[in-house]
Amino acid sequence: MSSVRETLDHCVKCTICETFCPYSKATPLFPGPKYVGPQAERFRGTEGSPDYSLDYCSGCGICTQVCPQGVKIAEINSQARAELWEERGIPLRNRIVARPSVTGALGTPVAPLANLTLRARPARWALERTLGIDRRAPLPRFAGRTFQAWARRRRGPQAASGTVAYFHGCSTNYYEPETGERVVELLEHNGFRVVVPRQGCCGLPLQSNGDFPAARRYASRLAATLDAAGEGAPIVSNSTSCSLMLKREALEILEVDDEALRRVSERTYDVCEFLLGLHERGELRTDFQPLPLTVPYHAPCQQRGHGIGKPALDLLALIPELRLVELDAACCGIAGTYGLKREKYEISMRVGEELFAQVRDAEPDLTACDSETCRWQITHGTGVPSVHPVELLHRAYGL
Amino acid sequence: MAALQTDVLVIGGGSTGAGVARDAAMRGLGTVLVERRDLADGTTGRFHGLLHSGGRYVVKDPPAARECVPENAILRRIAADCIEDTGGLFVTTPPDDPAYAEQFLAGCRATGVPVEELPVGEALQREPRLNPRISRAFLVPDAAIDPWKTVWACARSAQAYGARILTYHRVVDLVRSGDRVVGARLANDLTGEEVGVEAAVVVNASGAWAGQIARMAGCDVEIQPGKGIMIAMNHRLVQTVINRCKMPADGDILVPIRTVSVIGTTDVRVPDPDEAPVTQGEVEQMLDEGEVLVPGFRRARALRVWAGVRPLFQETKPGLVSDTRDVSRSHTLLDHARRDGVEGLLTITGGKTTTFRLMAEVTVDAVCEHLGVKRPCRTHEESLPGSQDGGHYWLGARLASREPVPRSEQIVCECELITRRKLEEAIDRRRTVNLDDIRRTLRLGMGPCQGGFCIYRATGILHARHGVDAETANGSLLSFLQERWKGVHPILYGDQLRQAHLDDWIFQGVLNVRELAR
Ligand SMILES: Cc1cc2nc3c(=O)[nH]c(=O)nc-3n(C[C@H](O)[C@H](O)[C@H](O)COP(=O)(O)OP(=O)(O)OC[C@H]3O[C@@H](n4cnc5c(N)ncnc54)[C@H](O)[C@@H]3O)c2cc1C
Ligand code: SF4
Ligand code: SF4
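Undergrad: Could you clarify how one ought to interpret the overall build of chain B in this entry?
TA: The helix and strand tally for chain B stands at 16 helices and 22 strands. By the compact-globule yardstick of 24 Å for 518 residues, chain B fits well, its C-alpha radius of gyration being 23 Å. Taken along its principal axes, the extent of the C-alpha atoms in chain B is 65 × 60 × 45 Å. By the burial criterion, 61% of the 518 residues in chain B qualify as buried. Put simply, 73% of the contacts in chain B that link residues at least 6 apart link residues at least 24 apart. Treating the 63 positive side-chain charges of chain B as one cloud and the 67 negative ones as another, the clouds have centres 3 Å apart.

Undergrad: Teacher, can you tell me more about the site of ligand 1 here?
TA: Residue and element names in this part refer to chain B. Residues in contact with ligand 1 amount to 34 residues; listed here are only the nearest, Thr16, Glu35, Thr44, Leu50 and Thr354. Taking Gly351, its main chain carries an N or O atom lying 3.2 Å from an oxygen atom of ligand 1. Protein chains shield 96% of the accessible area of ligand 1, which is 1,000 Å² for the free molecule. Sorting the residues of the shell around ligand 1 by element identifies α1 (15-26), β10 (169-177), β13 (223-233) and β18 (302-313) as the ones contributing at least two each. Here the residues of the shell around ligand 1 sort into 9 nonpolar, 20 polar and 5 charged.

Undergrad: Please clarify how the pattern of salt bridges should be interpreted in this entry.
TA: Close approach of charged atoms lets side chains of opposite charge pair. Counted by the stated rule, this structure contains 75 salt bridges over all chains. Glu75 of chain A is paired through a salt bridge with Arg248 of chain A; the nearest N and O atoms lie 3.2 Å apart. Of this pair, Glu75 of chain A sits in helix α6 (residues 73-88) while Arg248 of chain A is found in helix α16 (residues 240-252), placing the two residues 173 residues apart along the sequence. Taking relative accessible area as the criterion, Arg248 of chain A reaches 24% and is therefore assigned partly exposed. Asp252 of chain B is the salt-bridge partner of Arg56 of chain B, the closest N and O atoms lying 3.2 Å from each other.

Undergrad: Sorry, what's going on with the site of ligand 3 here?
TA: Residues and elements named next belong to chain A. What surrounds ligand 3 is a group of 13 residues, the closest being Cys21, Cys57, Cys60, Gly61 and Cys63. Breaking the shell around ligand 3 down by element, the ones donating at least two residues are α5 (62-66) and α6. Residues of the shell around ligand 3, tallied by class, amount to 9 nonpolar, 4 polar and no charged.

Undergrad: So what exactly am I meant to see when it comes to the pairing of strand β11 (residues 180-188) of chain B here?
TA: Within a regular beta strand, the side chains point alternately toward one face of the sheet and then the other, so they alternate between its two faces. All names here are of chain B. In terms of strand pairing, β10 meets β11 through 8 bridges, oriented antiparallel. By the bridge assignment, Leu174 is partnered in β11 with Ala184. In this antiparallel pair of consecutive strands, β10 and β11, the connection spans 2 residues, and Gly178 shows a positive phi of 65°. From the end of β11 to the start of strand β12 (residues 194-204), which pair antiparallel, there are 5 residues, and Gly192 there has a positive phi angle of about 80°.

Conventions and cut-offs
- Residues numbered from 1 in each chain as written.
- Chains lettered and ligands numbered in written order.
- Predicted model: local features only at pLDDT ≥ 70, side-chain atom pairs only at ≥ 80, totals over all residues.
- Heavy atoms only, no water.
- Helix = DSSP H or I, 4+ residues; strand = E, 2+ residues; numbered from the N terminus.
- Rg over C-alpha atoms; globule rule 2.2 N^0.38 Å.
- Buried < 20%, exposed > 50% of the residue type's maximum accessible area, 1.4 Å probe, protein only.
- Contact = heavy atoms within 4.5 Å.
- Lys, Arg positive; Asp, Glu negative; His and termini not counted.
- Charge placed at Lys NZ, Arg CZ, Asp CG, Glu CD.
- Near = heavy atom within 4 Å.
- Polar contact = N/O pair within 3.5 Å; in protein donor to acceptor, adjacent residues only side chain to side chain.
- Areas by Shrake-Rupley, 256 points an atom, 1.4 Å probe, with all protein chains shown as cover.
- Nonpolar A, V, L, I, M, F, W, Y, C, P; charged D, E, K, R; others polar.
- Salt bridge = Lys/Arg side-chain N within 4 Å of Asp/Glu carboxyl O.
- Pairing = 2+ DSSP bridges.

Structural data, given as structure tokens:
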């Protein structure tokens, strides 16, 4: 029984979701959340979904957040997209971009070569022609080392006041291991022992590319790993989209029926959410040194999907002399792997334009954003480097 | 007074009358069909939407079951586009007598209803929202049939064979010459004009109103109008017709049809077929029964409730039977020459939409006998217009038709995905100023908002068309709203109550429609 689908009954056609969806504004190919969500869903029967245009929904989740009646529009779209692909077959490109743990593992040992190749014009042209990955889209750089390898070697401090389990996700592991290192050092600085289990992908990219069966397998496998880690301690993550998957989406959208996942979902925290919780209990160290920088902050869509406010803003406000600018543009346009795709790249850049303009207007030194793909996109759209908020906290602690 | 002459005058534009008109026209008879309102605005447009496999009748009324079997197969062929091949399940739910299942199986075998028992797990996989505590499940060839499409297709076919279809023409009297009915006097309720029709044979196919028409010729036909209510739920809770596997009773069928699923029905005698009010008790009863089939049913959104009136006729004990469900669901053809000594009049009544073609066939056979001609029925051989390619209707059709450039056209009715072009075509084709006629043609205003967002748009479009003046267009808007309200107010709770509030703000608050009514 699908609780997501049932919410279509709450729609009163008020059109509020339509006025907020950044993607339907950016392309006439996408008919908008009310249309593809509660409306089209009434026409989806046993034959699956006949409306290909639904694939232009990015899954950003803004519609669900703004609907005053509680219609889970983005989730309905996501499920319908899976049906669409189940019928048409998932294109090779979507299969590849949906498996960061595989591409990451393949690219890491040959990182210099892979990075060079992925930045070379002919290679990007070939990638576009063969796979439909837009040659202009921001692809991450392989770090050439993994976060896991660093964590294996690391010996944390002996005395600890508590334990957390760290769910780092694929991007941290293969592309941005330094962000993971910051998270660990920062938590240790606050007296925690950090457990890092070996872990795979949460299945989110598979879910948004419509491969539900595979996504379910990944989500369950990860849930089993995390369930066994840290003896019930909080699970902390710096990837807002992957942690949202654990908290809510795997249960709601994929309808994974799994006790371990339910347990994990209840003890998973976004890292900023967790740190702000400490601060509210007076347990966060606040020995921050001044950082005289101008930093616009963008709360990514998936972060807003957590329904936890914007804890990064409160945390960064603790840093003396940091000039924090809250950006209110809806979406950067990348939406995970959406903006990589040839037919969607331009839509994605049009969506991001409002945010890029706000960033430029702020004349920043850096930008801060919780989600890795969004950071790549913001840098791609503005030329300004973008970091996770923990990077700034880490610097301010002087670690 | 305008006058018409014809071989056969058919009274009543429901499935029966439309079927008779088509059959008669196909046999080369001059045919006029008259209907007091719009086609399929009687019981046919207010029925449950089930193309019976016969399963429902196998124990209680085997002759009715036997009739359904071949007719189901024929309609699937000739009216393919009007039918969605949903299949049907009979399921034994916890309150049902488990012994009935064996009687049911035996009944299917005896009457020829194709049946296959499904393992419960398989049935639940097919219909995940079904009560998980069902103990048995049987698959039968039930299907969903769209009444308006079916009747209109018959009418178009009849017209192609030369028949005339007069809607909004009410029979005010039958004309007798001695012992013979020789025609009828009609009132055109749109223009007030009177029309006379001379006919060699008059066929009374006016369903629950058949007694009223027969009486105009001095014949006494006792029709017991049996009212049944149905509630349309906002979306398809199931994709297969679900029947309770038990002796037929109230609220035991859930039919997925077009974008909704419909729970029904009841059976209560009413004195007047034009007065069939919905009571709160009946609504509660349907919701309770729905809960047995689909747990959580009461939380799902109800869109609208309405009632239809069964034309049940029983010759032997008029006025004595109180439970109208005991009357056979098979049809009755009355030859008033034999029965009442009145020549030139036949009454065809009872039956069901599933068997309308058969009812038409036996009726026109009798008409031919009266006229002394011998022409075989061909309605089972020739497909209806729109159904020639044999493809069934499928739910996603409208959605698919809007790809690949969904934004290229304005959508007027968002719930039922009706574009401006479709609406304008329908207004032109139907030559009507009545938005309710358009509703029956296109399903305009039949979705969740019940016209809240489309009807003011449609009114504007209507007004711009063919010089329809503002007063007429506004009148049409008001009567549409009034009609929808009737169906909504008995089920105002939960989501639909919220919708009604928003609609009210739109029409009273923003558009101030109350002023139009002055
Ligand atoms: C609640 C309910 C549920 C049902 N469900 C099903 C089902 O799921 N499947 C199924 O097969 N059958 C079903 N039936 C039975 C089926 O709907 C009817 O048997 C069938 O529609 C009757 O069609 P008809 O043409 O005889 O009557 P109608 O459709 O009622 O047509 C008679 C027409 O005569 C017109 N008329 C009346 N007086 C005059 C006059 N003076 N001048 C001109 N015209 C006049 C009326 O306006 C009306 O349109 C159901 C019936 C009911 C009541
Ligand atoms: S915001 Fe919610 S209620 Fe309003 S149209 Fe969109 S889905 Fe429907
Ligand atoms: S998830 Fe985002 S892109 Fe998709 S409909 Fe909702 S707001 Fe639009």
